[in-house]
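# Coordinates in review
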Amino acid sequence: MEFAVIQTGGKQYKVSTGDVVTIEKMKGEYKKGDKVSFDKVLLVDDGTKASIGSPYVTGAAVAAEIADI
């Protein structure tokens, strides 16, 4: 199972492709359908190998879309 751990709004979230995640706080103004990218990625696991950041994984980002406000 592929997953990543991201940090945003002072919290950490484990996310996988297709997940719907409720994030309490995000800086900025967003509306439904907006695309966002999370670059504070603490860990990436592709199912065979894990990359752990120090504190963040270099070059890693998680793309997402705002589903609801």
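Before any of the text, the structure's been laid out above.
Turning next to the environment of Ser51. One can find Ser51 in strand S5 (residues 50-52). Spatially, the C-alpha atom of Ser51 lies 9.3 Å from that of Ala4, the residues being 47 residues apart in sequence. If near-sequence neighbours (up to four positions away) are discounted, Ser51 is found in contact with Leu42, Leu43, Val44 and Val57.

Another aspect to go through is the packing of aromatic side chains. Any aromatic ring pair is given by two values, namely how distant the centres are and how the planes are angled relative to each other. Throughout the structure, instances matching the rule amount to zero aromatic pairs. Of note, Lys14 hangs over the ring of Phe3, and the distance from its end group to the ring centre comes to 4.5 Å.

A word on the nonpolar core. It is characteristic of soluble globular proteins that their nonpolar side chains tend to be buried jointly. Membership of the largest hydrophobic core is limited to 11 residues, which are Ala4, Ile6, Tyr13, Val15, Val36, Phe38, Val41, Val57, Ala60, Val62 and Ile66. Put simply, the parts of the chain that give this core at least two residues each are strand S1 (3-8), strand S2 (11-15) and strand S3 (35-38). Residues within four places of Val15 in sequence aside, it is in contact with Phe3, Ala4, Ile6, Val21 and Val62.

Strand S4 (residues 41-45) sits mainly inside the fold: four of its five residues count as buried. Where S1 meets S4, four bridges bridge the pair, whose relative direction is antiparallel. The partner of Val5 across the bridge, within S4, is Leu43. Here S4 runs beside S5; their pairing, made up of three bridges, is antiparallel. The residue bridging Leu43 from the neighbouring strand is Ile52, located in S5.

Calculation rules
- Residues numbered from 1 in each chain as written.
- Predicted model: local features only at pLDDT ≥ 70, side-chain atom pairs only at ≥ 80, totals over all residues.
- Heavy atoms only, no water.
- Helix = DSSP H or I, 4+ residues; strand = E, 2+ residues; numbered from the N terminus.
- Contact = heavy atoms within 4.5 Å.
- Phe/Tyr/Trp six-rings, centres within 6.5 Å; stacked < 30°, edge-to-face > 60°.
- Lys NZ or Arg CZ within 6 Å of the ring centre and 35° of its normal.
- Core = buried A, V, L, I, M, F, W, Y, C linked by side-chain atoms within 4.5 Å.
- Buried < 20%, exposed > 50% of the residue type's maximum accessible area, 1.4 Å probe, protein only.
- Pairing = 2+ DSSP bridges.

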